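Results of the structural survey
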Amino acid sequence: MKQIDTILQIRLGDEYFGIDSDDSNQILRVPIITSIPLANNSLSGIVVLNGKIVPVLDLKKVLGIGSVDAKKDASRIITLNVDGEDIAILVDEVVDALNMDESNYDENTSEDNFIIGFYKQKDDLIQIIEPKSIIKDDMIEGFEPIEVKKISDDIEDVTSKSMDTDRYLFFASKQEFFAVDIELVAELIFVPDDITPIAGTQNSNLGAITLRDEVIDVFDFNLVFGFEAVDLKSDDARLLILRDENKKLALCVENIQEIKDIDLSKIEALSGSMRDNKIQSLYKDDKNIVSIVSSTYFRGLIDEFSVTTQTQTFSQEQKNGSSNMRELAVFAIEKEEFAFDIESVQEIITYQEVTPLPESDEYIDGIINLRGSIIPVVNLPKKLNFEANLTDKSKIVVCIIDDEKVGFLVDDVNDIMFIEDRFVSSSKKSESLIKSTISLDGGERVILELRLKQIISIDDLQDIKKEG
């Protein structure tokens, strides 16, 4: 018989259960829970507690008696340590902590039962649970709770450009379209609330932000180019962090369109009468005329207004090989955020019409023709059991899996950002869909990095291309 001194009484629906209080670590109000796609039904998701990624199991689902409403005021999570692993259980209510009276306790002698005993408390019968017996390995995703070394990718670096194309980031401003050479773009982030104004600066200078202890001046692209100011509160507004050597500048733009390689033969240099120091050339696609902003102009802007600091910048650390960071393309599906390693991303394009394939899996939307390449398109919301909705923000993220191109339809692309390894917890299971979890803003923002080969296999890709 297990020696129990204190019982933690919990309520699940109309029934009472208990666990040995020595098995519990903390009792907490329910924090933000990030759901894990395609996970075991009992797994509500993960939370960030004290710098650790902790899986949360819905105890009612584990026991097959419904599910806990995490939004109710009485709901709680209880953190446990099971065989050295931190795990949280979600319950309807934590009722009391009871000192054990052995005369009121009856041991359950049946084998293979998660109920180890029964405790009588007034008119209530409390069923005592042994946590180890109800928590199975396949219910949880294991993540390293501390800073880990960057995992080498199975996928080769496919970001190098071909000889006859250049890669550009496209964005819109007041019904006009612009592009900037991706070589100048260090990151793409949301507009923060805390832009600090700088007295005595020009109108287009919005102030400064601090990004990973580095002070960066912020300019409004619209004001620089003579348009009405960008609405900083807009959900579409983004900051482009531009970098030239060890200097950085932030540029606020209205709406990010896509990142893609373009044929250099389709770029037209402006004639002398039309050329200015800001726009170097034009690119015409099937729908729009895009102004390509001069890299020389941006470099001059960066050189003039970048804030010089005494600390070593990220680009310097990269050259010295001392930086422990990874670059991610962060995208949204409904209210959740996911990411791919940027090294596996070839380009990001606005949604284009997809040709359906008969008798293909439900999550395969079909194929697209991208500059002569036939590319299967995976509807990622469908694949991950979300609702699929096409909007004007929808994007296709084109990736490479073992030399095969595949597009992933997503709701929107939020960021292209560098993440320090200290914010990354890697999955302990090499075959899991979730490659790592990124915890930002004190755990309030959680991003799930996906493992491409667990979304679709190379064999499936080749079969789809044969059908196409």
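So, a few notes on the structure that sits alongside this text. From a predicted model like this one, the values you see are computed outputs, not experimental measurements.

**A look at the overall build of the protein chain**
Within the protein chain, the secondary structure is distributed over eight helices and 33 strands. For the protein chain, restricting intrachain contacts to residue pairs at least 6 apart in sequence, the fraction spanning at least 24 positions comes to 59%. Total accessible area on the protein chain stands at roughly 22800 Å², and carbon and sulfur atoms take up 42% of it.

**Looking at the pattern of salt bridges**
The tally for this structure, following the rule as stated, stands at 21 salt bridges. Across the pair lysine 393 and aspartate 236 runs a salt bridge, and its minimum N-O distance is 3.0 Å. Linking lysine 393 in the loop between helix H6 (380-383) and strand S28 (395-401) with aspartate 236 in the loop between helix H3 (221-224) and strand S17 (238-244), this pair joins segments that are 157 residues apart in sequence. The residue lysine 247 makes a salt bridge to aspartate 303 at a minimum N-O spacing of 2.5 Å. Of this pair, lysine 247 sits in strand S18 (residues 247-253) while aspartate 303 sits in helix H4 (residues 295-305), placing them 56 residues apart in sequence. Several salt bridges converge on common partners, so that one network encompasses Arg326, Asp421, Lys435 and Glu449.

**Description of the sheet that holds strand S6 (residues 76-82)**
Pairing within the open sheet is mixed, and its five strands lie in the order S3-S6-S7-S5-S4. What marks the edges here is a single partner per strand, and that holds for strand S3 (24-29) and strand S4 (43-49). When strand polarity is set aside, the average angle formed by the axes of neighbouring strands in this sheet is 30°. Sheet analysis places S6 next to strand S7 (residues 85-91), joined by seven bridges and oriented antiparallel. When the sheet's bridge partners are listed, isoleucine 78 is paired in S7 with isoleucine 89.

**Structural notes on the packing of aromatic side chains**
Scanning the model with the defined rule gives 14 aromatic pairs in all. Look at phenylalanine 178 and phenylalanine 221: their rings are 5.0 Å apart centre to centre, the planes differ by 70°, and that puts the pair in the edge-to-face class. With phenylalanine 178 in strand S13 (residues 176-181) and phenylalanine 221 in helix H3, this residue pair connects regions lying 43 residues apart in the sequence. A residue is classified by how much of its surface remains accessible, and phenylalanine 178, at 3% relative accessible area, is buried. Overall, the relative accessible area of 0% leaves phenylalanine 221 in the buried class.

**What about the pairing of strand S19 (residues 255-263)?**
Of all the nine residues making up S19, seven are buried; the element is thus mostly covered by neighbouring parts of the structure. Here eight bridges tie strand S12 (residues 165-173) to S19, and the two strands are oriented antiparallel to one another. Looking across to S19, one finds that threonine 165 is bridged to aspartate 263.

**Quick notes on a negative patch on the surface**
Taken together, Asp361, Glu362, Asp459, Asp460 and Asp463 make up a surface patch of like negative charges. Along the polypeptide, aspartate 460 turns up in helix H8 (residues 458-467).

**Considerations on the nonpolar core**
Membership of the largest hydrophobic core comes to 85 residues, with the highest contact counts inside it found for Leu59, Leu240, Phe298, Phe340, Leu380, Phe408 and Leu450. With five residues, the single largest contributor to this core is H4. If we ignore the near neighbours within four places in the chain, the residues touching leucine 59 are Ile10, Leu12, Ile89, Leu90, Val91, Ile129 and Ile134. Ile209, Leu239, Ala250 and Phe418 belong to the second-largest nonpolar core, a separate cluster that totals 16 residues.

**A few points about the environment of threonine 391**
Mapped onto the elements of the fold, threonine 391 is located in the loop between H6 and S28. Taking C-alpha positions, threonine 391 is 8.8 Å from tyrosine 351, a pair spaced 40 residues apart along the chain. Of the polar contacts made by the side chain of threonine 391, one reaches the backbone nitrogen of lysine 393; its length is 3.1 Å.

**Concerning the side chain of glutamate 258**
Inspection of the secondary structure puts glutamate 258 in strand S19. Take glutamate 258: its relative accessible area is 9%, and that puts it in the buried class. Only 3.5 Å separates the side chain of glutamate 258 from the side chain of lysine 260, close enough to count as a polar contact. A polar contact is formed between the side chain of glutamate 258 and the backbone nitrogen of threonine 350, at a distance of 2.8 Å. Among residues more than four places away in sequence, those in contact with glutamate 258 are Tyr168, Leu169, Phe170, Ile348, Ile349 and Thr350.

**Observations concerning the sheet that holds strand S11 (residues 124-129)**
Read across the sheet, six strands follow the order S8-S1-S2-S11-S10-S9 without closing on themselves; strand pairing throughout is mixed. Looking at strand neighbours, the two that pair on one side only are strand S8 (93-99) and strand S9 (105-107), the edges of this open sheet. Strand after strand, the sheet turns through a mean of 30° between neighbouring axes, direction not considered. With six bridges joining them, strand S10 (residues 115-121) and S11 adopt antiparallel strand pairing. In the sheet register, phenylalanine 118 faces S11, and the bridge partner there is glutamine 127.

Reading the values: rules and limits
- Residues numbered from 1 in each chain as written.
- Predicted model: local features only at pLDDT ≥ 70, side-chain atom pairs only at ≥ 80, totals over all residues.
- Heavy atoms only, no water.
- Helix = DSSP H or I, 4+ residues; strand = E, 2+ residues; numbered from the N terminus.
- Contact = heavy atoms within 4.5 Å.
- Areas by Shrake-Rupley, 256 points an atom, 1.4 Å probe, with all protein chains shown as cover.
- Salt bridge = Lys/Arg side-chain N within 4 Å of Asp/Glu carboxyl O.
- Pairing = 2+ DSSP bridges.
- Axes fitted to C-alpha atoms, helices over the stretch in contact; angles between N-to-C directions.
- Phe/Tyr/Trp six-rings, centres within 6.5 Å; stacked < 30°, edge-to-face > 60°.
- Buried < 20%, exposed > 50% of the residue type's maximum accessible area, 1.4 Å probe, protein only.
- Patch = residues over 30% accessible without salt bridge, like charges linked within 9 Å, V, L, I, M, F, W, Y side chains within 5 Å.
- Lys, Arg positive; Asp, Glu negative; His and termini not counted.
- Charge placed at Lys NZ, Arg CZ, Asp CG, Glu CD.
- Core = buried A, V, L, I, M, F, W, Y, C linked by side-chain atoms within 4.5 Å.
- Polar contact = N/O pair within 3.5 Å; in protein donor to acceptor, adjacent residues only side chain to side chain.

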